[in-house]
2 protein chains.
Amino acid sequence: MTSRDYYADSYAHFGIHEEMLKDTVRTGAYRNAILNNPNLFKGKTVLDVGCGTGILSMFAAKAGAKHVVGIDMSNIIDQAQKIIKANGFADVITLVKGKLEEVELPIKEFDIIVSEWMGYFLLYESMLDTVLVARDKYLKPGGLLFPDEATLYLAAIEDMEYKEEKINFWDNVYGFDYSCIKDLALREPLVDTVELKAVVTDPCLIKHVNINTVKKEDLTFIAPFTLKATRDDYVHAFLAWFDISFNGCRVPVRFSTGPHAKYTHWKQTVFYTPDTLAVASSDEVSGELSCAPNARNPRDLDITISYKGPTDVQPMTVQYKMS
Amino acid sequence: MTSRDYYADSYAHFGIHEEMLKDTVRTGAYRNAILNNPNLFKGKTVLDVGCGTGILSMFAAKAGAKHVVGIDMSNIIDQAQKIIKANGFADVITLVKGKLEEVELPIKEFDIIVSEWMGYFLLYESMLDTVLVARDKYLKPGGLLFPDEATLYLAAIEDMEYKEEKINFWDNVYGFDYSCIKDLALREPLVDTVELKAVVTDPCLIKHVNINTVKKEDLTFIAPFTLKATRDDYVHAFLAWFDISFNGCRVPVRFSTGPHAKYTHWKQTVFYTPDTLAVASSDEVSGELSCAPNARNPRDLDITISYKGPTDVQPMTVQYKMS
């Protein structure tokens, strides 16, 4: 068996940027937020944190920004430099290759910071930490953040069929017992699209992030939740997603990565439970979700969900890890 | 923008093994070749090169092998050890973690070598080099290789729609010119499934590999090809795939990864051409394909295709790179 990490390498080149650019919900939201608000951008200085191929920098330049600085530590910025030039923005956009925490920027104060920093489950491998450093170091008092608000939600889903395929598959692999891998599979949240009809409870807000004021330590949190069943059904997993808002716009721009909304490349995040809960309509599944960077590798995310079904006396606790 | 290499990391854990195990063409072929030939395996010593989760080792043990040694350098072998034990094979199967070229194996001569070493385009990130080292160092004279034959094929396809989406997309990204990325995209072969009806020429064998006798240097090669059009159509890309045979079996087991065969996780490999060729039925597209490990990084594969359509005077040459 070979490593077959072809796509990983491939996406380091340009494929991952193709996926993000073709995510029209994502890129379209930034375009609307920036291009429909030239009054906010005209004559202003803009910092694009994690600029990638430079698309947000070019939106800002097109909206009338006086000077845009895009920064990225990935080699993709070499392509961005060619793209900026090909599109006639070389005078307005300055690209900087490196880590924002380490480099010297050509401008010391910005009117606006734009950044597409969101990861799976909002926070997995996200660049929010870097955006907060940029905010505290470079944003003028009263300056704007695009976006400025993120909200994380949780619900419970019926998902027997896919749980069979992804988790219980390991019970019997060509007649062999692979249950040690089943344990690993259960503890690894699955990034995938879920149909709205699979959702069996109301959603519950578990984390609200105001990018204007949030501190790094706020991203380690414990959130209680209560999920009210909307019908009689079985629960096989919890489901998380996030919404994003650009409230700095005259008419706020918003998008959701939830199961009720149009596909995005973030999809949703599924946390399978070891057992299956039976819920009647209006029953409540309650518990708490904790989220913290892994102590050994801060790029990994430790997520623990404790939950109690309507008939449970003791809560069940499952430790997940995104890595 | 975040790196979003979640799946790459995830597959380092177990996801890539899930994909390979669920590829029933692949795993089923090995199962049939091994389990249906207990006469070949009974009482024999078997070496499993790149054993992964240990599935081929367990097939060999189940087929009656006296002793199986599985070797893998990936951490997945820690799971394989648990799986071997859970399935009662701990006495028959010995697992070794490390590089075959460097470690000491508990047995010095084997009757049979089994290995699933094939990569995309057969040779990209393949483990064939290691299998050849194992063959020359550990296989008894007259010993068997499972599989023992691989064949690479080329054809030409009509693929306007997808070429628009994957290549020409970069001409206009939200109104911006991204053509520098278009050049990169064109030179990177695309691993994807292609429908049989897209194939507009007969296939041409470009490389036959007899694993019993092939040498490492044979894997750097130049192959001429002539592709005869089976209908009037346009050619947007070349398409490559491979077939695998287990001729050591009493009834040979074979599978194909071509567009005419059942889906495998290897899919096919698409090489888009810069121009579009018009071909009439019976016209020939001729040229040569060269393949070599990249000089700087031998894990990368340099593939050059020179070709001439029916009306071309000069051949067109395109250098591709799988990396």
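Residues numbered from 1 in each chain as written. Chains lettered and ligands numbered in written order. Predicted model: local features only at pLDDT ≥ 70, side-chain atom pairs only at ≥ 80, totals over all residues. Heavy atoms only, no water.

(A) Region of the structure containing the interface of chain B and chain A. The interface of chain B with chain A comprises 73 residues on the first partner and 73 residues on the second. Interface area, chain B with chain A, both sides summed: about 6100 Å², of which 61% is carbon and sulfur. Linking chain B with chain A are two salt bridges, by the criterion used here. Of the charged contacts, one joins Lys166(B) and Glu18(A) as a salt bridge, the two residues approaching to 2.9 Å between their closest N and O atoms. Elements supplying a minimum of two residues to the side of chain B that touches chain A: helix 1 (6–22), helix 2 (24–35), helix 4 (55–62), helix 5 (76–86), helix 7 (160–166), helix 8 (179–187) and strand 7 (190–192) of chain B. Examining the composition of the side of chain B that touches chain A, we find that 13 residues originate from one element, helix 1 of chain B, more than from any other. When the residues that make up the side of chain B that touches chain A are grouped by side-chain class, the tally is 37 nonpolar, 18 polar and 18 charged. (Contact = heavy atoms within 4.5 Å. Buried area = accessible area lost by both parts, 1.4 Å probe. Salt bridge = Lys/Arg side-chain N within 4 Å of Asp/Glu carboxyl O. Helix = DSSP H or I, 4+ residues; strand = E, 2+ residues; numbered from the N terminus. Nonpolar A, V, L, I, M, F, W, Y, C, P; charged D, E, K, R; others polar.)

(B) Fine view of the relation of the copies chain B and chain A. With an RMSD of 0.0 Å, the fit of chain B onto chain A corresponds to turning through 180° and sliding 0.0 Å along the axis. In short, the pair behaves as if placed about a two-fold rotation axis. Most of the interface of chain B is mirrored in chain A, where 100% of its interface residues are also at the interface. (Least-squares fit on C-alpha atoms with pLDDT ≥ 70 in both.)

(C) Spatial organisation of the packing of helix 8 (residues 179–187) of chain A against helix 5 of chain B. Close contact between helix 8 of chain A and helix 5 of chain B brings their axes to 8 Å; oriented N to C, the two are set at 135°. As judged from the angle between their axes, helix 8 of chain A and helix 5 of chain B are oblique. Counting all contacts with helix 8 of chain A, which are made through Cys180(A), Ile181(A) and Leu184(A), the residues of helix 5 of chain B involved are Ile76(B), Gln79(B), Lys82(B) and Ile83(B). Of the residues that constitute the contact of helix 8 of chain A with helix 5 of chain B, the class distribution is five nonpolar, one polar and one charged. (Axes fitted to C-alpha atoms, helices over the stretch in contact; angles between N-to-C directions. Parallel < 35°, antiparallel > 145°, perpendicular 65-115°, else oblique.)

(D) Structural view of the sheet that holds strand 15 (residues 316–322) of chain B. Residues and elements named next belong to chain B. One open sheet accounts for four strands, arranged 9-13-14-15; its pairing is antiparallel. The open sheet terminates on both sides in strands that have one partner only, identified here as strand 9 (221–228) and strand 15. Across this sheet, the average inter-strand angle for adjacent strands is 20°, counted without regard to direction. By the bridge criterion, eight bridges tie strand 9 to strand 13 (residues 284–293) in an arrangement that is antiparallel. Paired with proline 224 across the two strands is glutamate 288, which belongs to strand 13. (Pairing = 2+ DSSP bridges.)

(E) Up close: the sheet that holds strand 3 (residues 93–97) of chain B. All names here are of chain B. Overall, parallel pairing links the five strands, which are arranged 3-2-1-4-5 in an open sheet. The open sheet has two free edges, formed respectively by strand 3 and strand 5 (139–146), since each of these has just one partner strand. Strand-to-strand, the axes of this sheet are offset by a mean angle of 20°, without reference to chain direction. As paired strands, strand 4 (residues 110–115) and strand 5 are joined by four bridges and run parallel to one another. Residue isoleucine 112 lies in a different strand from strand 5, and its bridge partner there is leucine 144. Contacting strand 1 (45–49), strand 2 (67–72), strand 3 and strand 4, helix 4 crosses the sheet at an angle of about 175° to strand 2.

(F) A look at the pattern of salt bridges. Counting across every chain of the model gives 25 salt bridges over all chains. Here Lys140(B) and Asp111(B) are joined by a salt bridge, their closest N and O atoms 2.9 Å apart. Of this pair, Lys140(B) sits in strand 5 while Asp111(B) is found in strand 4, placing the two residues 29 residues apart along the sequence. One connected set of salt bridges, linked through shared partners, spans Glu18(A), Lys22(A) and Lys166(B).

(G) Looking closely at the layout of surface pockets. Of the voids in this model, the second largest pocket is the one considered here, and its volume is about 430 Å³. Contributing elements (two or more residues each) for the lining of the second largest pocket: helix 8, strand 14 (301–308) and strand 15 (316–322) of chain A together with helix 1 and helix 5 of chain B. For the lining of the second largest pocket, the per-class residue count stands at five nonpolar, seven polar and four charged. (1 Å grid on protein atoms, 1.4 Å probe; cavity = no way out; pocket = protein on both sides within 12 Å on 5 of 7 lines; lining within 4 Å. Points joined across faces, edges and corners; volume = space filled by probe spheres on them.)

(H) Representation of the pairing of strand 3 of chain B. Residues and elements named next belong to chain B. Relative to strand 3, strand 2 runs parallel, the two sharing five bridges. Bridge pairing in strand 3 links isoleucine 71 to valine 96. Read as a crossover between parallel neighbours, the route from strand 2 over helix 5 to strand 3 is right-handed. (Right-handed = clockwise from strand over helix to strand, strands pointing away.)

(I) Seen up close, the packing of aromatic side chains. Throughout the structure, instances matching the rule amount to 34 aromatic pairs over all chains. A network of ring pairs unites the aromatic residues Phe14(A), Phe169(B), Trp170(B) and Tyr178(B) as a single cluster. The side chain of Lys22(A) reaches across the aromatic face of Phe169(B), ending 4.5 Å from its centre. (Phe/Tyr/Trp six-rings, centres within 6.5 Å; stacked < 30°, edge-to-face > 60°. Lys NZ or Arg CZ within 6 Å of the ring centre and 35° of its normal.)

(J) Representation of the UniProt feature "domain: Methyltransferase" (unreviewed entry) in chain A within the structure. Look at the UniProt record and you will see "domain: Methyltransferase" (unreviewed entry) annotated at residues 46–143 of chain A. Structurally, residues 46–143 of chain A is divided into 31% helix and 27% strand, and its ends, taken at the C-alpha atoms, are 10 Å apart. (UniProt positions renumbered as here; feature names shortened; annotations may be inferred.)

(K) Representation of empty space enclosed by the protein within the structure. Residue and element names in this part refer to chain B. Evaluation of the coordinates by the stated rule reveals one cavity of 30 Å³ or more. Every residue along the wall of the largest cavity is listed here: Phe121, Ala240, Trp241, Phe242, Thr257, Trp266, Lys267, Gln268 and Thr269. Listing elements by their share of the lining of the largest cavity, those giving two or more residues are strand 10 (233–246) and strand 12 (268–279). It is strand 10 that provides the largest number of residues to the lining of the largest cavity, a total of three residues. Residue composition of the lining of the largest cavity, grouped by class: five nonpolar, three polar and one charged.

(L) Up close: the UniProt feature "domain: Protein arginine N-methyltransferase" (unreviewed entry) in chain A. Annotation from UniProt places "domain: Protein arginine N-methyltransferase" (unreviewed entry) at residues 148–308 of chain A. Within the segment residues 148–308 of chain A, helix and strand shares are 10% and 47% respectively, and the terminal C-alpha atoms sit 34 Å apart.

(M) Representation of unusual backbone geometry. Pro147(A) follows Phe146(A) through a cis peptide bond whose omega is 0°. With respect to the secondary-structure elements, Pro147(A) resides in the loop between strand 5 (139–146) and strand 6 (149–157). Despite not being glycine, Leu122(A) has its phi angle at roughly 65°, a positive value. Residue classification places Leu122(A) among the buried residues on the basis of a relative accessible area of 0%. One non-glycine residue, Ser282(B), adopts positive backbone phi at about 80°. With respect to the helices and strands, Ser282(B) occurs in the loop between strand 12 and strand 13. Note on Ser282(B): relative accessible area 45%, which makes it partly exposed. (Buried < 20%, exposed > 50% of the residue type's maximum accessible area, 1.4 Å probe, protein only.)

(N) Geometry of the state of the cysteines. Across all of its chains, the model carries zero disulfides over all chains by this definition. Take Cys204(A): it sits in no disulfide, and the sulfur closest to it among the cysteines is that of Cys291(A), at 15 Å. With no disulfide of its own, Cys51(B) has Cys180(A) as its nearest cysteine by sulfur position, at a separation of 13 Å. Residue classification places Cys51(B) among the buried residues on the basis of a relative accessible area of 0%. (Disulfide = S-S within 2.5 Å.)

(O) Spotlight on the pairing of strand 14 of chain A. All names here are of chain A. The buried fraction of strand 14 is high, at six of eight residues. Here strand 13 (residues 284–293) runs beside strand 14; their pairing, made up of eight bridges, is antiparallel. Along strand 14, the bridge assignment pairs glycine 287 with tyrosine 307.

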